[in-house]
Every structure is written in C-alpha cells, then in structure tokens.
Amino acid sequence: MTNAATHHPTDETLAGYAAGTLDEARRLVVSMHVARCAACDLQVARYEAVGGALLELATAVPLRSDALENALRQIGDDTVPPGASSERDPLDRYELGPWRWVGPGVHQRSVSVPEADGIKVFMLKAAPGTKLPHHKHIGYEWTCVLEGAFEHQFGRFGPGDFDEADETMEHKPTVCEGVPCICIVALQGGIRLQSRLGRLLQPLIRL
C-alpha cells in the first residue's frame, strides 16, 4: 500500500464505504483504491471508529433469531485474518472474463459483479497514446487506475488514482505514453458519445 495516489474518493464516498451503504459495484471500485492508498485506508478506519462509537451509544434493539447466521453468510469469502486486509486484492473473489476488443487499441473484460439498477463493473485496457472518445455520462462512472495512466481536463490519473464522474461531466481521456492503462470501472447507465462520428458509432459501443 502506498500514498502515491493524487486523486481520491470524496469524503462522502469514503464514509459510505466505511458504513457499508455503497452498492457492490461501487464498493469494489472504491476498495481497489483503498487497498492502494494508505491515506484513504486510514480515513476509512477513522469513519469506522466513529460508526462504532455511535453504535455503542445507540439504544439496543432485539435481533432476529437468524441474525448471526445471516451476517456470517454475507461475510463469506470476505473474512480476512487480522492484519492481512491490506495484502488481499479485492478482485480475488470475482471471476474475470477474457479480454475483448471494443475499439482501436481498447479491450474490455467483464467482472462478475451482479448487475443491479443499470450498474455494471468491467476492466478496461487501452494502449499508450489511445484517445478515447469524447463522452458524457448518463449516470455515474467510478474508475480506479490499476496500471499505466490517462489524462483529461481534470488532471492526470496514474496507478491507484480514483476518478469519480457523474452526469454533469464530459470526458475526452487520452492514455499516457509508456505502458497500457488498465482500469476497473463501475458504470451506471452507459455513456453518450459527443462527436458527430461518435454518435454514428454509438450503437456499436457496448460501454
């Protein structure tokens, strides 16, 4: 785990992650950043501590008879020995599909997060120098860079960086020179290509 990342989730996003209120898709992408960013890992621990203190002050209520069984079932493969959480890749519990061509220099692979509310998770790999289409978002697009880097009008995003976009933003990313850029993305509702050519090609784009 390093502090090399310069772009991080918002405090609201980290608080939601710590509280367990994010959907599985966004939680996975945030966890990929937190696993690579000591600062955000510490901030999550602080939010969790605050949440624990608030629980201690809350009025106790009776639990259902099967509460413990349900909790253990939901934890499942997420159980990690104390002190080992930073050593585990959050992707380990998911199946990854084969890389598939989606455009010049660009490949995509699926991640086995169940789709819900129009949200899907996938990995994207783009060759150095690739200019991705100018696009805007129908919903949100949360991205964590795993390898390589890309840049757009909001800055340069390298390994560990987190890019949190919504329907108010437009992007025209370019992959930086050097090595291919590999990202994991949680995308809601797809994208709309903005150029004239992009609009013509929109029916062929799966993102």
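Predicted model only: the values in this text are computed from it and were never measured.

**Q** Would you mind going over the state of the cysteines with me for this structure?
**A** What is meant by a disulfide is a covalent connection between two cysteines, made through their sulfur atoms. Inspection of every chain in the model, using the stated rule, returns 0 disulfides. For the unlinked cysteine Cys 37, the closest cysteine sulfur is that of Cys 40, found at 3.7 Å. With relative accessibility at 1%, the residue Cys 37 sits in the buried group. With no disulfide of its own, Cys 181 has Cys 183 as its nearest cysteine by sulfur position, at a separation of 3.6 Å.

**Q** Explanation requested: the sheet that holds strand S11 (residues 181-188) in the structure shown.
**A** Adjacent strands of a sheet pair through backbone hydrogen bonds, lying either parallel or antiparallel. As summarised here, the arrangement of the 6 strands in space is S1-S2-S3-S11-S5-S8, forming an open sheet in which the pairing is antiparallel. The sheet is open, and its two borders are formed by strand S1 (100-103) and strand S8 (162-165), each paired with just one other strand. Each strand axis lies, on average, 30° off the axis of its neighbour in the sheet, ignoring direction. Here 5 bridges tie strand S2 (residues 106-110) to strand S3 (residues 119-126), and the two strands are oriented antiparallel to one another. Paired with Ser 110 across the bridge in S3 is Phe 122.

**Q** Any chance you could explain unusual backbone geometry here in plain terms?
**A** Backbone geometry at Asp 117 places phi at a positive 55°, although glycine is not the residue there. Among the structural elements, Asp 117 can be located in the loop between S2 and S3.

**Q** I would appreciate a short explanation of the nonpolar core in the present structure.
**A** Most often, soluble globular proteins have nonpolar side chains that are buried together. With 28 residues, the main nonpolar core has Leu 28, Val 30, Val 111, Val 121 and Ile 184 as its most contacted residues. Those elements giving two or more residues to this core turn out to be helix H1 (11-19), helix H2 (24-34), helix H3 (38-57), S3, strand S5 (141-147) and S11. Per element, the largest residue contribution to this core is 6 residues, and it comes from H2. Residues within four places of Val 121 in sequence aside, it is in contact with Ala 25, Leu 28, Ser 110, Val 111, Val 113, Ile 184, Val 185 and Ala 186.

**Q** Would you explain the pattern of salt bridges in this entry?
**A** Side-chain pairing between opposite charges can occur once the charged atoms of the two side chains come close. Going through the model one piece at a time under the given rule, you end up with 2 salt bridges. Note that Asp 23 is salt-bridged to Arg 26, the shortest N-O span being 2.7 Å. Exposure remark for Asp 23: the relative accessible area of 22% places this residue in the partly exposed category. Taking the shortest distance from any N to any O, the salt bridge between Arg 93 and Glu 24 comes out at 3.7 Å.

**Q** How should the environment of His 107 be read in this particular structure?
**A** With respect to the element layout, His 107 can be found in strand S2. The exposure class assigned to His 107 is partly exposed, which follows from its relative accessible area of 27%. Between the C-alpha atom of His 107 and that of Leu 124, which follows or precedes it by 17 residues, the distance is 5.9 Å. Leaving out residues up to four positions away in the same chain, His 107 has contacts with Trp 99, Arg 100, Trp 101, Val 102, Met 123, Leu 124 and Lys 125.

**Q** Looking at this structure, I do not really get the pairing of S3. What am I missing?
**A** The two faces of the sheet receive side chains in turn, since in a regular strand these alternate between them. Of all 8 residues that make up S3, 6 are buried, and the element is covered over most of its length. Sheet topology places S3 next to S11; 8 bridges connect them, and they run antiparallel. The residue bridging Lys 125 from the neighbouring strand is Ile 182, located in S11.

Rules used in this analysis
Residues numbered from 1 in each chain as written. Predicted model: local features only at pLDDT ≥ 70, side-chain atom pairs only at ≥ 80, totals over all residues. Heavy atoms only, no water. Disulfide = S-S within 2.5 Å. Buried < 20%, exposed > 50% of the residue type's maximum accessible area, 1.4 Å probe, protein only. Pairing = 2+ DSSP bridges. Helix = DSSP H or I, 4+ residues; strand = E, 2+ residues; numbered from the N terminus. Axes fitted to C-alpha atoms, helices over the stretch in contact; angles between N-to-C directions. Core = buried A, V, L, I, M, F, W, Y, C linked by side-chain atoms within 4.5 Å. Contact = heavy atoms within 4.5 Å. Salt bridge = Lys/Arg side-chain N within 4 Å of Asp/Glu carboxyl O.

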